[in-house]
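# Observations on the three-dimensional arrangement
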Amino acid sequence: MKNQIKNGDEVSLLYPGSFLLNAKLRLIKNKPYKGISVYEILNPISIPLLSGIPNPEDFLKNVDVNIYIDFLTQLGVEVIHIHTLMGLNKELIEAAKKLNIKTLFTSHDYFGICPKVNLINLQGSICKNYDNGKNCIACNENGYSNSLVFLMQSKLYRYLKNSSIIKKLRSYKHKLVRNKNHALSNAKVIEDKKNESAPSASAYVNLRKYYVDILNNIDFIHYNSSVAKLTYEKYIDNENSRVLNITHSNIKDNRIQKKSNSNEPLKITYIGSIEKYKGLYFLLDVLEKLLINNINGWKLNIYGKNVNINTEEFLGKVNIKGTYDYSQLEDIFKNTDLLIVPSIWYETFGYIALEAFSYGVPVIITNLVGFKDMIVPEVTGIVIKASEDELYGKLRTLVKYRQKLSYINHNILDLLGVYTMEKHTKDIKRLYTKLRKAIHL
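Presented here is a report on the structure given in the accompanying data block.

Thresholds, definitions, all that
- Residues numbered from 1 in each chain as written.
- Predicted model: local features only at pLDDT ≥ 70, side-chain atom pairs only at ≥ 80, totals over all residues.
- Heavy atoms only, no water.
- Buried < 20%, exposed > 50% of the residue type's maximum accessible area, 1.4 Å probe, protein only.
- Helix = DSSP H or I, 4+ residues; strand = E, 2+ residues; numbered from the N terminus.
- Arc of directions from axis to C-beta.
- Contact = heavy atoms within 4.5 Å.
- Lys, Arg positive; Asp, Glu negative; His and termini not counted.
- Salt bridge = Lys/Arg side-chain N within 4 Å of Asp/Glu carboxyl O.
- Polar contact = N/O pair within 3.5 Å; in protein donor to acceptor, adjacent residues only side chain to side chain.
- Pairing = 2+ DSSP bridges.
- Right-handed = clockwise from strand over helix to strand, strands pointing away.

### Re helix α2 (residues 65-75)
Those residues of α2 not exposed but buried are V65, Y68, I69, F71 and L72. In an axial view of α2, the angular spread of the buried residues amounts to 165°, which keeps them on one side of the axis. What points out from α2, more than 90 degrees from its buried face, is the exposed set D70 and Q74. Residues of α2 that are buried make contact with β1 (12-16), β2 (26-29), β3 (37-42), β4 (79-82) and α3 (90-99). Taken from the residues just after α2, G76 is the one with a positive phi, measuring 70°.

Following this line, the structure appears as structure tokens:
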């Protein structure tokens, strides 16, 4: 939005805000931010974040479409660009249709199809069958309560969320949910218990239908990767779409020539969370096999929150660095020969791979990571199946022969540039223009 303002566009931000005692939906104007007009939805649909939706019925309430019609008419909106379905009333899309305002959605995650955002089941595997909503019940039962959501969306919480006590409470809640989910995933049998307050499977079917209907009625879908496109198209029928990769405002051209000395350990970096679907344990299993086969010319640095794994079996070759500040990325990548993104879920993009790329660092990613669209396999990066055998074979070769990494680094340096926000803004503007003119996209 800041780049759009720089390019002369008039930009407004509409976001789901706090709740009032009067439950009626209202739209109010906030203070502007760096030239961006800001509007808040009072009494919106709740924002579950990554916690899940324990009460799907609360998300299916209708509001007066005229509230959005009046709002959009007053602003003179030409294009509505939606970056998340969280907090979105279907009536906003209905109002846009009535006013012939074009709508565009960018696929940053899978909310709407999956209440937990990532299409991962309790076992940490890709959810390929939600069993007509039945599997959603256990998957979402530890989501935030309505009272907690109301608090987290309050203006008071915005001021206090970075305080030490709130951070401790958040950490405790996340740990509690993680432990409960872990217990459920390891249970051999989950017995159905009669609970009058528990949601029905049909409620989750209706919830998915609510958001699928929204997606099918949006004028154009901007998929941020081919991975996202293939995944979404299993659930929706909207054929007006295009894959256009994304970036963020901190991406700059920081590429440098890198040399990896085969006389020194291969410096591998993993940056991410410890959830099973992110692939850290998959990576560690492969590294363990390397050690068993006496391939030990490597070391792994792990950056992430709440990493609590036993590193003793890796003979000092695995180091947990903990959380990091974005300003530390330059030093991290200077000391990285190879970044590995071993995701075993349909990762819509994968910013960390783009960040490594912007520093000229070679990456290994699975073919489930959307960033694969931005590299030429075996030329500017390495794409593998989410297979222990494939990752083992690649690492075994790279530990012994570093020429491949030098070759990839050289090819990255030869590219015309990295994909910055300035370039992305121009690409998005072209989408808007064609969408408004109803030109084939």
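More follows now that the structure is in view.
### Topic: the side chain of R402
Along the chain, the position of R402 falls in the loop between α13 (388-400) and α14 (403-414). No salt bridge is formed by the buried R402. Its closest oppositely charged neighbour is D337, at 4.4 Å. One polar contact links the side chain of R402 to the main-chain carbonyl oxygen of L398, over a distance of 3.1 Å. From its side chain, R402 meets the backbone oxygen of V399 in a polar contact 3.2 Å long. Residues in contact with R402, not counting those within four places in the same chain, are S260, N261, S262, E264, P265, L266, G297 and D337.

### Quick notes on unusual backbone geometry
Unusually for a residue other than glycine, D131 sits at a positive phi of about 55°. Of note, D131 is situated in the loop between β5 (102-106) and α4 (134-140). Exposure remark for D131: the relative accessible area of 32% places this residue in the partly exposed category. Positive phi outside glycine occurs at E378, with the angle close to 70°. Secondary-structure assignment places E378 in the loop between β12 (363-366) and β13 (382-384).

### Notes on the pairing of strand β6 (residues 220-223)
Residues F220 and H222 line one face of β6 and the alternating positions I221 and Y223 line the opposite face, and both faces are buried. Pairing geometry for β5 and β6, over 3 bridges, is parallel. Of the residues in β6, the one forming a bridge with F105 is I221. As paired strands, β6 and strand β7 (residues 241-243) are joined by 3 bridges and run parallel to one another. Opposite H222, over in β7, you have R242 as the bridge partner. As for the winding sense of the linkage, the β-α-β connection from β6 through helix α9 (residues 226-232) to β7 is right-handed.

These values are about where atoms sit, not about what they do.
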